[in-house]
Amino acid sequence: MKRIPASTLLAALALAACGQSPSGGPERVSTAEASEAFCRPTPNGRQMTGCYLTVRATGDDRLVSVSSPIAGRVEIHESRMEGGMMMMAELTEGLPLPAGQPIELKPGGNHIMLLGVTEPLTTGQTVPLTLRFEVADPVEVVAEVRQPAAE
Ligand SMILES: [Cu+2]
């Protein structure tokens, strides 16, 4: 369960009530949630794998980083075709989340890349992920390790 200190909640309510941030810019309030998280088992001998989930923020927001205690490093990747080959690249600016729109990270598309995974991940295990956002508070999610469902 995510606990929100009462003081934070009151501050958020006060901001919502006046409709402006203290700096005078547009109000920026967002709450994020993630669902259907899973990671592929690590391929034999590899220390990297992809994780997928659906993420949604109530306000215009951005997924800026992901971390996991089981990975040395976690990157947010996009997949794209280059010269007939599927290539992937880090989204260094993070992943934009338009308000209220569920954004699906899925095989062949945007994904979370675990790097430096020292213990092999096998089906049935779980992977804790912490998602950090530009606006919303961090979200903890537990991903199950499994193969993607057949399309
Ligand atoms: Cu990748």
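### Some remarks on the overall build of the protein chain
Part 1 of the reasoning: Counting secondary structure elements, the protein chain contains one helix and 10 strands.
Part 2 of the reasoning: Shown N-terminal to C-terminal, the secondary structure of the protein chain runs as helices and strands in the order α-β-β-β-β-β-β-β-β-β-β.
Part 3 of the reasoning: Within the protein chain, the fraction of its 151 residues that count as buried is 34%.
Part 4 of the reasoning: In the protein chain, the proportion of contacts linking residues at least 24 apart, taken out of those at least 6 apart, comes to 65%.
Part 5 of the reasoning: When the accessible area of the protein chain is evaluated, it comes to approximately 9000 Å², of which 53% is carbon and sulfur surface.

### Concerning the packing of aromatic side chains
Part 1 of the reasoning: Enumeration according to the criterion identifies one aromatic pair in this entry.
Part 2 of the reasoning: On the numbers, 5.1 Å between centres and 40° between planes, the contact of Phe-38 with Tyr-52 is tilted. Within this pair, whereas Phe-38 is found in strand β1 (residues 32-39), its partner Tyr-52 is found in strand β2 (residues 49-57), the two being separated by 14 residues in sequence. With respect to class, Phe-38 is no different from Tyr-52; both count as buried.
Part 3 of the reasoning: Sitting over the ring of Phe-38, Arg-146 keeps its end group 3.9 Å from the ring centre.

### Re the pattern of salt bridges
Part 1 of the reasoning: By the definition in use, this model includes seven salt bridges.
Part 2 of the reasoning: Of the charged contacts in the structure, one is a salt bridge between Arg-73 and Glu-75, with a shortest N-O distance of 2.8 Å.
Part 3 of the reasoning: By relative accessible area, Arg-73 is classed as partly exposed at 44%.
Part 4 of the reasoning: Residues joined in a network through salt bridges with shared partners are Arg-73, Glu-75 and Glu-90.

### Considerations on the state of the cysteines
Part 1 of the reasoning: Throughout the structure, instances matching the rule amount to one disulfide.
Part 2 of the reasoning: A disulfide bridge connects Cys-39 with Cys-51, and the sulfur atoms are separated by 2.1 Å. On the sign convention where negative means left-handed, the S-S torsion of about 100° between Cys-39 and Cys-51 marks this disulfide as right-handed. Residue Cys-39 is located in strand β1, and its partner Cys-51 is located in strand β2; the two are separated by 12 residues in the primary sequence.
Part 3 of the reasoning: Judged by relative accessible area, which is 0%, Cys-39 ranks as buried.

### Some remarks on the coordination of the copper ion
Part 1 of the reasoning: Looking at the copper ion, the protein donor atoms are His-77 (ND1), Met-88 (SD), His-111 (NE2) and Met-113 (SD), and they sit 2.1 to 2.3 Å from it.
Part 2 of the reasoning: For the copper ion, the four donor atoms in the first shell make angles of 100 to 117° at the metal, a pattern classed as tetrahedral.
Part 3 of the reasoning: Donor residues for the copper ion, ordered by position in the chain, follow H-x10-M-x22-H-x1-M. Remark: His-111 occurs in strand β8 (residues 111-117) and His-77 occurs in strand β4 (residues 71-82); sequence separation between them is 34 residues.

### Focus on the nonpolar core
Part 1 of the reasoning: Core analysis: the largest hydrophobic core is formed by 30 residues, its most contacted members being Leu-53, Ile-112, Leu-114, Leu-129, Leu-131 and Phe-133.
Part 2 of the reasoning: When sequence neighbours within four positions are dropped, the list of residues in contact with Leu-131 reads Ala-34, Leu-53, Leu-63, Ser-65, Val-66, Ile-112, Pro-138, Val-139 and Val-141.

### Comments concerning the side chain of Ser-68
Part 1 of the reasoning: Mapping Ser-68 onto the fold places it in the loop between β3 (61-67) and β4.
Part 2 of the reasoning: On the basis of relative accessible area, Ser-68 is assigned to the buried category, the value being 7%.
Part 3 of the reasoning: A distance of 2.8 Å separates the side chain of Ser-68 from the backbone oxygen of Pro-128, its partner in a polar contact.
Part 4 of the reasoning: Aside from chain neighbours lying at most four places away, what touches Ser-68 is Val-74, Leu-114, Val-127, Pro-128 and Leu-129.

Calculation rules
Sequence positions are assigned chain by chain, starting from 1 and proceeding in written order. Local features in this predicted model are restricted to residues whose pLDDT is 70 or higher, and side-chain atom pairs enter the listing and the counts only when it is 80 or higher, whereas totals over whole chains, interfaces and linings include all residues. Here the side-chain values reflect all heavy atoms present in the structure, with hydrogen atoms and water set aside. Comment: elements are numbered from the N terminus, with helices defined as DSSP H or I runs of at least four residues and strands as E runs of at least two. Only protein chains enter the area calculation, which uses a 1.4 Å probe; residues under 20% of their type maximum are buried, those over 50% are exposed, and those in between are partly exposed. In this analysis, two residues are considered to be in contact whenever any of their non-hydrogen atoms come within 4.5 Å of each other. Computed with a 1.4 Å probe, the accessible areas rest on the Shrake-Rupley method; for each residue, only the protein chains presented here act as cover. Centres within 6.5 Å make a pair out of two Phe, Tyr or Trp rings, where for Trp the six-membered ring is used; the pair is then stacked when the planes are under 30 degrees apart, edge-to-face when over 60, and tilted otherwise. Sitting over a ring, as applied to charges here, requires NZ of Lys or CZ of Arg to be within 6 Å of the ring centre and within 35 degrees of the ring normal. One speaks of a salt bridge when a side-chain nitrogen belonging to Lys or Arg is within 4 Å of a carboxyl oxygen belonging to Asp or Glu. The disulfide criterion used throughout: a pair of cysteine sulfur atoms within 2.5 Å. Donor atoms are limited to N, O and S found within 2.8 Å of the metal ion, a distance that becomes 3.2 Å for Na, K and Ca. With water left out, some sites might look partial. Every geometry call rests on angle ranges, with four donors termed tetrahedral when all angles are between 85 and 135 degrees, four termed square planar and six termed octahedral when opposite donors are over 155 degrees apart and all others are between 65 and 115, and everything else termed irregular. Within this scheme, the nonpolar core is defined by two criteria: the residues are buried Ala, Val, Leu, Ile, Met, Phe, Trp, Tyr or Cys, and they are joined through side-chain atoms within 4.5 Å. As used in this structure description, the phrase polar contact means that two N or O atoms lie within 3.5 Å; if the pair is within protein, one of them must be able to donate a hydrogen and the other to accept it, and residues adjacent in sequence are counted only when both atoms belong to side chains.

That's the geometry; what it means functionally is another story.
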